[in-house]
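The chain contents come next:
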Amino acid sequence: MVNGEAALTLAPRLRFQVLLHVLFEHAVGYALLALKEVEEISLLLPQVEECVLNLGKFHNIVRLVAFCPFASSQVALENANAVSEGVVHEDLRLLLETHLPSKKKKVLLGVGDPKIGAAIQEELGYNCQTGGVIAEILRGVRLHFHNLVKGLTDVSACKAQLGLGHSYSRAKVKFNVNRVDNMIIQSISLLDQLDKDINTFSMRVREWYGYHFPELVKIINDNATYCRLAQFIGNRRELNEEKLEKLEELTMDGAKAKAILDASRSSMGMDISAIDLINIESFSSRVVSLSEYRQSLHTYLRSKMSQVAPSLSALIGEAVGARLIAHAGSLTNLAKYPASTVQILGAEKALFRALKTRGNTPKYGLIFHSTFIGRAAAKNKGRISRYLANKCSIASRIDCFSEVPTSVFGEKLREQVEERLSFYETGEIPRKNLDVMKEAMVQAEEAAAEITRKLEKQEKKRLKKEKKRLAAIAALASSENSSSTPEECEETTGRPKKKKKQKFQEAPQENGMEEPAVSFSKPKKKKSFSKEELITSDLEETAGSGSLPKRKKSSPKEEAVSDPEEAGNRSVPKKKRKFSSKEEPLSSGPEEAAGSKSSSSKKKKKLQKLSQED
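Definitions and cut-offs
Along every chain, residues carry numbers that run from 1 in the direction the sequence is written. Local features in a predicted model are, by the rule used here, given only for residues with pLDDT of at least 70; side-chain atom pairs are given and counted only at 80 or more, and totals for whole chains, interfaces and linings are based on all residues. For the side-chain quantities, the full set of heavy atoms in the structure was used; hydrogens and water were omitted. For the purposes of this entry, the term helix denotes a DSSP run of H or I that reaches at least four residues, the term strand denotes a run of E that reaches at least two, and both are numbered from the N terminus. Only protein chains enter the area calculation, which uses a 1.4 Å probe; residues under 20% of their type maximum are buried, those over 50% are exposed, and those in between are partly exposed. Two residues form a contact once any of their heavy atoms are found within 4.5 Å. In this description, accessible areas are obtained by the Shrake-Rupley approach with a 1.4 Å probe, and a residue is regarded as covered only by the protein chains that are shown. Polar contact is defined as a pair of N or O atoms within 3.5 Å, subject to the rule that within protein one atom must be able to donate a hydrogen and the other to accept it, and that residues adjacent in sequence are counted only when both atoms are side-chain atoms. Handedness of a crossover is defined as follows: with both strands directed away from the viewer, a clockwise route from the first strand across the helix to the second makes it right-handed. We define a nonpolar core as any set of buried Ala, Val, Leu, Ile, Met, Phe, Trp, Tyr and Cys residues linked to one another through side-chain atoms lying within 4.5 Å. For every domain, the bounds stem from an assignment made automatically or drawn from a database. To estimate the expected span of a helix, subtract one from its residue number and multiply by 1.5 Å. Surface patches are defined over residues having more than 30% relative accessible area and no salt bridge, joining like charges when they lie within 9 Å and nonpolar side chains (Val, Leu, Ile, Met, Phe, Trp, Tyr) when within 5 Å. One speaks of a salt bridge when a side-chain nitrogen belonging to Lys or Arg is within 4 Å of a carboxyl oxygen belonging to Asp or Glu. Charged residues are defined here as Lys and Arg on the positive side and Asp and Glu on the negative side; His and the ends of the chain fall outside this count. We put the charge of a Lys on NZ, of an Arg on CZ, of an Asp on CG and of a Glu on CD. Any pair of Phe, Tyr and Trp rings, taking the six-membered ring for Trp, is counted once the centres come within 6.5 Å. Such a pair is stacked with planes under 30 degrees apart, edge-to-face with planes over 60 apart, and tilted for the rest. As a per-residue measure, pLDDT tells how confident the predictor is, with possible values from 0 to 100. UniProt positions are given in the numbering used here, feature names are shortened, and annotations may be inferred rather than shown by experiment. Orientation is described by lines fitted to C-alpha atoms, with helices fitted over the stretch in contact, and by angles between N-to-C directions that extend from 0 to 180 degrees. We call a crossing left-handed when the near helix sits turned anticlockwise from the far one by less than a right angle, and right-handed when that turn is clockwise. Oblique is the label for any angle not under 35 degrees, not over 145, and not in the 65 to 115 range, which are roughly parallel, roughly antiparallel and roughly perpendicular in turn. By the convention adopted, Pro, Cys, Tyr, Trp, Phe, Met, Ile, Leu, Val and Ala count as nonpolar, Lys, Arg, Asp and Glu as charged, and the other residues, Gly among them, as polar.

J.: What should I look at first to understand the overall build of the protein chain in this one?
T.: Across its full length, the protein chain holds 30 helices and five strands. Within the protein chain, the proportion of its 614 residues that are buried is 35%. Considering only contacts in the protein chain between residues 6 or more positions apart, those separated by 24 or more positions represent 69%. Surface exposure of the protein chain reaches about 38200 Å², of which carbon and sulfur atoms provide 55%.

What follows is the structure, encoded as structure tokens:
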């Protein structure tokens, strides 16, 4: 070989007239590259590696045929999931069908993942190759990708890779919130730590309070009860018959309460100061609160185990099952273990020590804490531990891979272990595993149907609440819109009226004189005056013609009034009303005439009364 580039461009003897393409998946899109065929024998030469690392020489070998960018980060995530699962995505199918030659036999496609290569070969019919030359070419493409694609920089490519990596990892880590075994691992670890701490602190309280009341240690064995009594009694000299009922409540035993009272009267303990007693009581209250929290944590662990691993907890108990899950790392890891591993899980030191010294291997590990092994005879402990580990492995697999969690299988497996114990003791033949599992399947289906019905009811209730909430929001929005529209209408209609009033008020001020026709141009005021004017005109006609010259004299006074509104509001004399009645026919409409006809009968009655009074 002369140099690396020449060695890389030599075609193998067995491949003539075959186009070699390489598919490269990146965070920004798919890239399809064409290259000259290479010789695999010369691939390991250092000159060839230098040629791949050099951009100028690499451009002479590889040519970008097509680049299909992803439309969004969501599309990129979908394509990444499809490639990892070995599924041909529609974007990848379109790229290959568009840009690869139609004669599929003359095309050799190089891919990095064998899964996607097998899927492409099965669905599209292109021959795919992985490893060897393709791995070296993909290494060079990955190194120089931002230079092969126009408009793509190294910074943007790194950002796209980082974003896709985060979203891909986030999608892979998604799990069911109600079936999280991480919480079980932390809970059982905290429970074991609390047991150790409570035991240590209780021993400290026993030693500390024992200086003052040493007889209490022999009477009370439970640590939590001892701390409660130390907190309640305090100074033993103050203990009397009145506190006997409270002592019975704390000890839940009348004989023990009476013994404590008698021991306090004849105790050999030393006297203690008030400050020391305060410290002992405060420390005892801390230990009591820790023991109460330990009980609540155990209740929480039981509820989580019933959700995550109901069969395992029904078979071997919540605490032992949680310890098995914690030691394995997760429920999935425990389900992958064989029964022989589950049997000695937790006894690794003893196992390796036995293998090293060629001694006897341990028969059980964490499952020793279950009640079955303790109930078995010494010669049957190994047999029952092996059988129990087998059932635990089955239960963990059922819990891990079943869609609907149920404790039916765990209860049936527990019955089988009980029957096996009785077989070792009495020789009674247990039932066959096939018959037991058939019964369990029938009960499990019924339980699953019941659970699905409950879930459907809960979903319906949730949807109803959501509909009500949306309807309330829509009604509130519509009421706000309806209340806002009349206000807007009032504002729009009120503005031009104000402008008209202002025009009418400004007009007489500009002219300096007031025209009589303009001064009474408001139709509402004319209607109010029309009835009175008709009445006064009829009265004046009946009274005679003596008041006519007075009316003429009053007319110029009305013209001298500058403000039309003041003239309309103040008390107008009968002479002025007569003058307005003459002008009224000019501006009055048919509505006023109709109103006057309807009130004619009332006017006649009033005229008759006035004439009688005169």
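J.: In this structure, what is going on with the side chain of Gln343? I would like to understand it.
T.: Secondary-structure assignment places Gln343 in helix α18 (residues 339-343). Side chain to side chain, Gln343 and Ser385 meet in a polar contact 3.3 Å long.

J.: Mind showing me how you'd approach the pairing of strand β4 (residues 107-110) here?
T.: Put simply, side chains in a regular strand alternate between the two faces of the sheet. Residues Val107 and Leu109 line one face of β4 and the alternating positions Leu108 and Gly110 line the opposite face, and both faces are buried. Between β4 and its parallel partner strand β5 (residues 127-129), the chain crosses via helix α6 (residues 114-123), and the hand of that crossover is right-handed.

J.: I tried to follow the nonpolar core on my own but got confused; where do I start?
T.: Generally speaking, a soluble globular protein has its nonpolar side chains buried in company with each other. If you look at the biggest cluster of nonpolar residues, it comprises 45 residues, and the most contacted ones within it are Leu312, Leu315, Ile316, Ile325, Leu334 and Leu388. Ranked by residue count, the leading element in this core is helix α21 (residues 381-401), at seven residues. Each of domain 2 (182-297) and domain 3 (309-451) accounts for three or more of the residues forming this core.

J.: Would you mind showing me how to read helix α14 (residues 274-308) here?
T.: Because an α-helix packs 3.6 residues into every turn, residues spaced three or four apart end up facing the same way. Here α14 spans 51 Å end to end across 35 residues, near enough to the 51 Å set by a 1.5 Å rise per residue. For α14, the full list of buried residues reads Leu277, Ile280, Ser284, Val287, Val288, Ser291, Leu297, Leu301, Lys304, Met305 and Val308. Contact partners of the buried residues in α14: α9 (181-210), α11 (223-233), α15 (310-316), α16 (318-328), α17 (331-336) and α21.

J.: Quick question: what am I supposed to make of the environment of Glu415 here?
T.: Turning to its location among the elements, Glu415 is positioned in helix α22 (residues 408-426). A C-alpha to C-alpha distance of 8.7 Å links Glu415 and Leu315, two positions 100 residues apart in sequence.

J.: Explanation requested: a positive patch on the surface in the structure shown.
T.: A surface patch of like charges, here positive, comprises Lys454, Lys457, Lys460, Lys461, Lys464, Lys465, Lys467 and Lys468. Following the sequence through the fold, Lys461 ends up in helix α23 (residues 433-511).

J.: Sorry if this is basic, but what is going on with the packing of aromatic side chains here?
T.: Under the criterion given, the structure shown has eight aromatic pairs. For the ring pair Trp208 and Phe283, a centre distance of 6.4 Å and an interplane angle of 50 degrees mean the geometry is tilted. Here the residue Trp208 occupies a position in helix α9, and Phe283 occupies one in helix α14, the gap between them amounting to 75 residues. Linked through ring pairs, Phe24, Phe67 and Phe145 together constitute an aromatic cluster.

J.: Where do I start with the confidence of the model for the protein chain in this structure?
T.: Summing up the model confidence of the protein chain, the mean pLDDT is 77 and the portion of residues at 70 or higher is 74%. Segment residues 1-17 is flagged for pLDDT under 50; beyond a separation of four residues in sequence, or across chains, it makes 35 contacts in the model.

J.: Can you walk me through the environment of Cys51 in this structure?
T.: Relative to the assigned elements, Cys51 resides in helix α2 (residues 46-53). Between the alpha carbons of Cys51 and Ile61 there is a distance of 9.4 Å; along the sequence they are ten residues apart.

J.: So what exactly am I meant to see when it comes to the UniProt feature "coiled-coil region" (unreviewed entry) in the protein chain here?
T.: Listed under "coiled-coil region" (unreviewed entry) in the UniProt record, and renumbered for this structure, are residues 434-473. Split by type, residues 434-473 is 100% helix and 0% strand. Its first and last C-alpha atoms lie 58 Å apart.

J.: Looking at this structure, how should I read the pattern of salt bridges?
T.: Working definition: two side chains of opposite charge can pair if their charged atoms are close together. Within this structure, the stated rule accounts for 17 salt bridges. Put simply, Arg265 and Glu241 hold a salt bridge, and the shortest N to O gap is 2.8 Å. Taken as a pair, Arg265 in helix α13 (residues 254-265) and Glu241 in the loop between α11 and α12 (244-251) lie far apart in primary sequence, 24 residues in all. The salt bridge partner of Arg431 is Glu439, with a shortest N-O separation of 3.4 Å. Because the salt bridges share partners, they merge into one network encompassing Lys412, Glu415, Glu419, Arg431 and Glu439.

J.: Is there a simple way to explain the packing of α11 against α14 in this structure?
T.: The angle between the axes and the distance between the axes are what describe a pair of packed helices. The N-to-C vectors of α11 and α14 enclose an angle of 145 degrees; their axes lie 9 Å apart at closest approach. Crossing handedness for the pair α11 and α14: left-handed. Contact with α11, carried on its side by Ala224, Cys227, Arg228, Ala230 and Gln231, involves Glu281, Ser284, Ser285, Val287, Val288, Ser291 and Glu292 of α14 and no other residues of that element.

J.: Explain the side chain of Ser267 here, please?
T.: Looking at the secondary structure, you find Ser267 in the loop between α13 and α14. Among the residues examined, Ser267 registers a relative accessible area of 14% and is labelled buried. A distance of 2.7 Å separates polar atoms of two side chains, one belonging to Ser267 and the other to Glu215. What Ser267 contacts, discounting residues up to four positions off in sequence, is His212, Phe213, Pro214, Glu215 and Arg236.

J.: Help me out: how do you make sense of a nonpolar patch on the surface in this one?
T.: On the surface, Trp208, Tyr211 and Met270 cluster together into a nonpolar patch covering about 360 Å² of accessible area. The exposure class assigned to Trp208 is partly exposed, which follows from its relative accessible area of 34%.

J.: Where do I start with the packing of α9 against α11 in this structure?
T.: The contact between α9 and α11 brings their axes to 10 Å, and the two run at 40 degrees. Between α9 and α11, the crossing angle belongs to the class labelled oblique. For the element pair α9 and α11, the recorded crossing hand is left-handed. For the pair α9 and α11, the contacting residues are Asn199, Ser202, Val205, Arg206, Tyr209 and Gly210 in the first and Asn223, Tyr226, Cys227, Ala230 and Ile233 in the second. Looking at side-chain class alone, the contact of α9 with α11 contains six nonpolar, four polar and one charged residues.

J.: Sorry if this is basic, but what is going on with the environment of His21 here?
T.: If you trace the backbone, His21 turns up in strand β1 (residues 19-25). Residue classification places His21 among the buried residues on the basis of a relative accessible area of 6%. Once the C-alpha coordinates of His21 and Ala34 are considered, the two residues, 13 residues apart in sequence, prove to be 4.5 Å apart. Filtering out sequence-adjacent residues up to four positions away, His21 remains in contact with Leu32, Leu33, Ala34, Leu35, Val65, Leu100, Pro101, Val107, Leu108, Leu109 and Gly110.

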